[in-house]
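# Survey of secondary and tertiary structure
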Amino acid sequence: MTMDSSNNSNSNRNNNNNEISDGLPLVQCVARARIPTTQGPDIFLHLYSNDRDNKEHLAIVFGEDIRSRSLFRRRPHETQQDRMIRGAYIGKLYPGRTVADEDDRLGLALEFDEHTGELLASTATTWDSHHHTLVRIHSECYTGENAWSARCDCGEQFDRAGRLIACDHEPSSNIQGGNGHGVIVYLRQEGRGIGLGEKLKAYNLQDLGADTVQANLMLKHPVDARDFSLGKAILLDLGVANIRLLTNNPEKIKQVEHVPLLKCVERVPMVPIHWTNSSEGIDSKEIEGYLRTKIERMGHLLTEPLKLHTNPQSTEASQKQTQMNSPLSSSSTLAI
Ligand SMILES: Nc1nc2c(ncn2[C@@H]2O[C@H](COP(=O)(O)OP(=O)(O)OP(=O)(O)O)[C@@H](O)[C@H]2O)c(=O)[nH]1
Ligand SMILES: [Zn+2]
């Protein structure tokens, strides 16, 4: 997918100060549609193009009033029907509706700058960027989301993020939810950015005894090849400026902040469900190794539970193991 840069030149404007965020990718929301969900609330799926890669990155938006600036911007010569078809409408579509920019049933109308076509944000129609918005920045994981993998917690985290954004409060954790407002940015960076094929090779190395860090290094990849700049640009396009980020990964927080335009005002922890309720969540030898590596080698902000399937290695022993299995000696026998 290529992007029309003329449509996109203002796409990274911040809702409040109209400052252009230099250095970030240019993103454009191509289409948005309402998705009724099996879980209850409707979500609005946003599909983005960008000037860095040709992947279809997504934003799963909870709350009809969280509006993409690049989607809603008026385009020359487009009709109200065109706008409804690409999802740039207020409220809800219904058979026979003819106007995108006004919702008679709600008695609300969007306003635009008559020269630039930019959406003018008003608290009546558009989520106020001063809100602290609950956000998850999720990286694609085919195995965890679609192949029922018990090697990682991606599928569980994805579901939980949606549930937390939808609810006002999660009693078991005492976490304040998004009360129906929030965003899951879904980035197509499978396998921490190395792609599915390389991740499958990494899994074979893990079955041979490597941990996730060692396996990436043995395949001559960085430990984590992800880039969160597209995620930042998408959040800014959605007018989300103050986020409560659902993560245990301190590096992700650093990479996602773009002060003063985008601030992480709170980290909301993602504790594995099985740790708080042993009859639920993912229980496998593999996930314990996966989580332990995240804690011991990648600095994730989680405290290990007492009982683990596998014998924990000391950090020192684990570091020695990495040296042994560094790319220089990748033919060495693995033993964990
Ligand atoms: N290379 C590699 N990638 C993996 C492996 N297991 C899961 N992934 C990928 O890791 C990404 C998820 O990253 P995680 O490290 O689990 O979590 P995170 O997003 O950094 O941190 P949290 O926000 O706390 O969940 C997804 O892109 C998965 O496809 C693995 O064994 N090797
Ligand atoms: Zn995963």
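Before going into details, it helps to say that this report is about the structure given with it. On a predicted model such as this, the values are computed, not experimentally measured, just so you know.

### Focus: the sheet that holds strand E3 (residues 57–62)
With respect to topology, seven strands assemble into an open sheet ordered E1-E2-E3-E11-E8-E12-E13, the strand pairing being mixed. With one partner strand each, in any of the chains shown, strand E1 (27–35) and strand E13 (263–268) form the two edges of the open sheet. Direction aside, the axes of adjacent strands within the sheet are offset by 25° on average. Its contacts with the sheet put helix H5 (residues 154–166) on E3, strand E8 (132–139), strand E11 (182–187) and strand E12 (242–246), and the angle it makes with E11 is roughly 155°. Contacting E1, strand E2 (43–50), E3, E8, E11 and E12, helix H8 (residues 229–237) runs over the sheet at an angle of about 145° to E11.

### A closer look at the site of ligand 1
Residues in contact with ligand 1 amount to 24 residues; listed here are only the nearest, Arg226, Thr247, Lys252, Tyr290 and Lys294. Asn216 has a polar side-chain atom sitting 3.0 Å from a nitrogen atom of ligand 1. Contacts to ligand 1 include Asn249, whose side-chain N or O atom sits 2.8 Å from an oxygen atom. About the coverage of ligand 1: the protein hides 99% of its 650 Å² of free accessible area. Taken together, the elements giving at least two residues each to the shell around ligand 1 come down to E8, H5, helix H6 (196–207), helix H7 (212–218) and helix H11 (285–298). No other element matches H6, which puts three residues into the shell around ligand 1.

Definitions and cut-offs
Residues numbered from 1 in each chain as written. Chains lettered and ligands numbered in written order. Predicted model: local features only at pLDDT ≥ 70, side-chain atom pairs only at ≥ 80, totals over all residues. Heavy atoms only, no water. Pairing = 2+ DSSP bridges. Helix = DSSP H or I, 4+ residues; strand = E, 2+ residues; numbered from the N terminus. Axes fitted to C-alpha atoms, helices over the stretch in contact; angles between N-to-C directions. Contact = heavy atoms within 4.5 Å. Near = heavy atom within 4 Å. Polar contact = N/O pair within 3.5 Å; in protein donor to acceptor, adjacent residues only side chain to side chain. Areas by Shrake-Rupley, 256 points an atom, 1.4 Å probe, with all protein chains shown as cover.

Nothing here speaks to function; it is all geometry.
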